[in-house]
Amino acid sequence: MNRSTSGPRERLELLWIVLAAVGAALGLRLAQLQILDSAEYRQMAERNASQMIYQAAPRGRIYDRAGVPLATSQPSFSLIFLPGKGKARQDLEPLARELGRQLGRDPQDLLETLDEAEREQSAARLAENLPTATMFQLSELKTLYPGVDLITEARRYYPNGRFASHLLGYMGKMSPGEWKLRKTQGYRADSRVGKMGLESAFEDELRGRDGGIQMEVDAQGRLKRKLGEIPWQPGSNIHLTIDTAVQKAADEGLRKSLTGRGAAVAIDPRTGEILAMSSQPDFDPNALLSTDPEEVKRVSHDMPEFNNAIAGAYPPGSTFKPIVSLAALNEGRITPSETFYCPGYYKLGSKLFHCDKHEAHGEVNFLKGLAESCNVYFFNVGLKTGADRIEKYAKMFGLGQKTNVPLRGEKAGHLFGPETRRKAGKSWYDGDTLNLSIGQGELTVTPIQMAVVAAALANRGTVWRPHYIQKIAYVDGRPDFVQKPEALAQVYAKDSAWDLVQKGMEVVVSSGTGYPAKVPGLLVAGKTGTAQNPHGKDDAWFISYAARPGQPPSIAIAVLAENAGYGAAAAAPVAKKMILAAFGMPDPEVEAEKRAAERAARRALRPAGAPALTRPPLPGGAR
Amino acid sequence: MSALKQPQPGMAGRVDWTFVFAVIGLVATGTVAMLSAASTTMYYQAILQKHFIALAMGAGLFTLTLAFNYQVFQDQSKALYVIALGLMFAVLVVGSSIRGHRAWIRLPGFSFQPAELARVLVVLVLADFLDRRALRVQDLSTVLIAIAIAAPVMLLILKQPDFSTALTFIPMIVGMLFCAGADVLQLLFIFGFGAATLTFPLVYTLCQVRFPNSAPGTLPAFVIAVSKMGLATLALMAGIAAVSFLVWRMLTWMRLQVKPFAFIAFPLIAASALLCGIVINGHMKSYQRNRFVAFVAPGSDVQGAAYNVIQSKVAIGSGGVWGKGLFSGTQSQLGFLPERHTDFIFANVGEEMGFIGAGLILGLYMIVLWRIVTAARQARDRYGYLVCAGLASMFAFVMALNIGMCVGLMPVAGIPLPLISYGGSSLVINLWSLGIVANIYARRYALL
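Residues numbered from 1 in each chain as written. Chains lettered and ligands numbered in written order. Predicted model: local features only at pLDDT ≥ 70, side-chain atom pairs only at ≥ 80, totals over all residues.

Chemist: If you had to explain the overall build of chain B to someone new, which residues and values would you point to?
Modeler: The helix and strand inventory of chain B stands at 19 helices and 3 strands. In chain B, 71% of the contacts between residues at least 6 apart in sequence involve partners at least 24 apart. (Helix = DSSP H or I, 4+ residues; strand = E, 2+ residues; numbered from the N terminus. Contact = placed C-beta atoms within 7 Å.)

Chemist: Explain the interface of chain B and chain A residue by residue, including any values.
Modeler: Chain B puts 44 residues into the contact, and the matching count from chain A is 37 residues. The set of elements that each furnish at least two residues to the side of chain B that touches chain A consists of helix 9 (163-180), helix 15 (305-319), helix 16 (330-333), helix 17 (345-378) and helix 18 (382-406) of chain B. With 11 residues, the single largest contributor to the side of chain B that touches chain A is helix 17 of chain B. Broken down by class, the residue content of the side of chain B that touches chain A amounts to 26 nonpolar, 15 polar and 3 charged. (Nonpolar A, V, L, I, M, F, W, Y, C, P; charged D, E, K, R; others polar.)

Chemist: How would you summarise the pairing of strand 23 (residues 555-561) of chain A if you had to cite specific residues and measurements?
Modeler: All names here are of chain A. Counting buried positions along strand 23 yields 7 of 7 residues, so the element is predominantly enclosed. The alternating pattern of strand 23 places Ile555, Ile557, Val559 and Ala561 on one face and Ala556, Ala558 and Leu560 on the opposite face, and all of these are buried. Alignment of strand 11 (residues 262-267) against strand 23, held across 6 bridges, turns out to be antiparallel. Bridge assignment links Ala266 to a residue of strand 23, and that residue is Ile557. (Buried ≥ 20, exposed ≤ 12 C-beta atoms within 10 Å, placed from the backbone. Pairing = 2+ DSSP bridges.)

Chemist: Got a sec to walk through the confidence of the model for chain B? Specific residues and values, please.
Modeler: Residue and element names in this part refer to chain B. Looking at chain B as a whole, the pLDDT averages 85, with 93% of positions reaching at least 70. By mean pLDDT, the top-scoring element of chain B is helix 17 (95), and the lowest-scoring one is helix 1 (residues 2-5) (46). Confidence drops under a pLDDT of 50 for residues 1-7, and excluding neighbours within four residues, the segment shows 7 contacts in the predicted structure. On the interface metric, ipTM, the complex scores 0.87, and its pTM is 0.63. (pLDDT = per-residue confidence, 0-100.)

Chemist: Which residues make up the nonpolar core, and what are the values?
Modeler: Grouped together as the largest cluster of nonpolar side chains are 156 residues, with contacts concentrated most on Leu126(B), Met176(B), Phe346(B), Cys388(B) and Ala392(B). Listed in part, the 119 residues of the second largest apolar core include Ala263(A), Leu275(A), Ala276(A) and Leu560(A). (Core = buried A, V, L, I, M, F, W, Y, C linked by C-beta atoms within 7 Å.)

Chemist: Can you explain helix 7 (residues 115-132) of chain B? Please cite residues and give values.
Modeler: Compared with the 26 Å implied by 1.5 Å per residue over 18 residues, the 26 Å span of helix 7 of chain B between its first and last C-alpha is a close match. Burial runs high along helix 7 of chain B: 16 of the 18 residues are buried. (Expected span 1.5 Å × (residues − 1).)

Chemist: Break down the environment of Ala276(A) for me, citing the residues and quoting the values.
Modeler: Residue and element names in this part refer to chain A. Secondary-structure assignment places Ala276 in strand 12 (residues 274-280). Considered as a pair, Ala276 and Ala250 are 26 residues apart in the sequence and their alpha carbons are 7.2 Å apart. Apart from residues lying up to four places away in sequence, Ala276 is in contact with Ile242, Asp243, Val246, Gln247, Ala250, Ala264, Val265, Ala266 and Met578.

Chemist: Pulling in residues and values, what's your account of unusual backbone geometry?
Modeler: Residue and element names in this part refer to chain A. Omega for the peptide link from Gln280 to Pro281 comes to 0 degrees, which places this bond in the cis form. Examined against the element boundaries, Pro281 turns out to sit in the loop between strand 12 and helix 11 (293-301). Positive phi is not limited to glycine here, since Arg460 has a value of about 60 degrees. Counting through the fold element by element, Arg460 comes out in the loop between helix 19 (447-458) and strand 17 (462-464). Within the chain, Asn563 stands out as a residue other than glycine whose phi angle is a positive 50 degrees. Its place among the elements puts Asn563 in the loop between strand 23 and helix 21 (567-570).

Chemist: Provide a residue-level description of the sheet that holds strand 3 (residues 110-112) of chain B, including the pertinent values.
Modeler: Residues and elements named next belong to chain B. With antiparallel pairing, 3 strands are arranged side by side in an open sheet as 1-2-3. Each end of this open sheet is capped by a strand with a single partner; those strands are strand 1 (96-98) and strand 3. Between one strand axis and the next, the sheet turns by 45 degrees as a mean value, whatever way the strands run. In this structure, strand 2 (residues 101-107) lies alongside strand 3, joined through 3 bridges in antiparallel fashion. Across the sheet, the residue bridging to Leu107 is Phe110, located in strand 3. (Axes fitted to C-alpha atoms, helices over the stretch in contact; angles between N-to-C directions.)

Right, dumping it as structure tokens:
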């Protein structure tokens, strides 16, 4: 056996070969990691060490016609969580418990959110729109739990709360379907979008471009330093034609009506500008941005999405009579002094058509007929004029067609007349003429259509396309968009016919059924309507316009109070409030209430000896 | 340095300066890496202080070791063995625990980890033993006694428990036996025994992680059944015996000359390795299990042990060719890289100094290993030759395990990278052991 040194020393060479091979293998591996795959690992390292914190840009502000903000953006604090590395679920539990306590939320839900963020390695919003008080408590958490941070964001805020809610709309989270559509347009999964009204119709103009801060984070998710910032770009501001005072009067007036359901629209008859558009019941758009998810769920669950002002179709009832009058007078079918006898009913064949309350008006001429809203008078007028002509005039006033107000969901209503019947392949009977003459039957209109009609009656024939945009002030340097008045049609009639109809409507208010809308010092004209509703109590209508003496009418109104009974009692007072507001006159009813409230407040405060309650400062519209 | 060598004229000419400069290069690179990697820790000042004290002590020991003949260690072999055993006993009795390991002896002013010292002492003791057994080196008894010498120290280290350090003994012993000229077949069996012992926990973990809910009758289910030491275990052993018997019969039938010894030894070793594997598998700590999981199924559990390996790979890969610059590695400085100034310091070098820095360390290591092998080749006696062979195996294995772990080629083992990782006692001991190598080389002509 060769046990000399030469044998083993050959083995040493073998050992050296093995060692060299190991070294070479490690060297090759290093080259693979650091040269071949380096770019990939570099990306992974960058993803590791940086986090994008998105900041929602302030949306464009919405102003009323006087420049008072109706929708603004407020700075608000959001609590975010930046996931650390290698944190297990149980490491997050104490944080979830603590947050649950501070925010009053279910720790289990929070834990899910945290765990999700950890798994996806992306920042999560734990709470939004935090009140200042909790904010201070939460800023303490920042020091205890790495990864928790507070950021400032712009949040939508509606200073007036419940106010023109259907017109303004609200902001909400996207549905999964919407998210799919908007993904490519710079929206993020937690972005909020306009959901209704002009928030939705002008989403593209109002939305700004979200900004973000690229932060360096360490393994615990602690923010180390700013790597870069993409500034946000606010959205474009929109100036509306809405008159806050008129809108408030409309909202409050309807809210106090018998059922609290209805709609009111005010239009400037000179331009077609919408001064107010109210639909009740309404909602508080701020509530949908609440921090409490339960509240949001509850509010959105029974939210009245339906905009009665544009989507509710009702028979116009007697508010249709001015159109019938204009048709009859302009076509020369009646003279104003021509009278018809009203025994309280009209007999057609074997059927009786009643006057309201079955009241007998006796001999009725045009002014009395309109002022007292005598159905029998209008049956006679209608039969004399002919349904074809009435239908023609109704069509000229825009009934049966959409007004094309730029809002989603507008209805056209239903034009009722021989021609419409013919097109549907059905015949027309005299009984239908009687129904048409008093705005019943199959005729349905929307409140905004009736506001346009009222405006056309006020301005002698111009049928406006109603609009609510005054101008859009673009942020990107484009010249402002300024809305010009847009006429849909012109009702041509003799001046004498206009004079008579307008006179008649003035008499309605001064000494007829519309007297609750009377305002001393103003020229108010109107027409009440009490439309039969097959589903319940009558709907109350009132159309009206008003002017300072010697000036053209500057406001035309249509008010509908659902199931509220008589137009005179239920709808006319709402219109009156709106007129008072439009002309800057004090509303005696509101004044009285205010005084009573102040008295009550003083009484309540005095015994306690506490200083007078200071109102909370109105949140400023910062950014 | 030269002052110490003055009494022995001609010493400077005999010292392996390539080796010395490679070692200095490693220590210097390690110091720079440590300065950067530890800068985010709370005890940066204390760490620096300890490191430079250890560096000075190590340099001193390195030089001091050169001053006297290394054969002293062969003469004092028994004493060295007693010291090794004594230290390992002491650490279990009076040692203090850090993170579950009773591995530290705390003395006033400093504390040190004796396991690495014991490892070098075992190299010295085994070299003496194998030198004296030169004529009977191919006997099985040589292998068994060599193992018996190392075993008590290893068991005491396992008791700390420090599985990784104990593991580094095996390639070291095998390397020394191989270079001493032991029978390759015997070594293969022993090596096979070790490998088989480790294979079972690996296969078991693989089955558990990759096929967690396999139906009975499938292979993964069988493996898991085997781990329960029941009928399946017995069946597997019987199977091993049967297969080996059949192979033997077949070979005899084919009239091939094979020693029947192999066919008795093979099933015996396979069965006992299997049993050992099952026992180890059953006694594994959860963090050790996680390391196996991270190795067999990286990415399966990003939060646990695999996380370290992924972050380490990302750190090294993202460093690219030139690195991100000292103090600028995002992976290390922002805390994504775990143990960045100790076990994973190589990943820190890879990130901040790039391929240049990592390649430099690897290259210097290869130079050091080449010089140790050269020292072995030129050693004037068998003892020196064996000491160098053992140290070369040891350093090579530890380096491969640590760097392999950092680049994701090896399972996670909690062992530092010699000369680079922070750790005072490790640095001192490693420099001392390299001083022995320098000594062996310097005295290669047997004149001093």
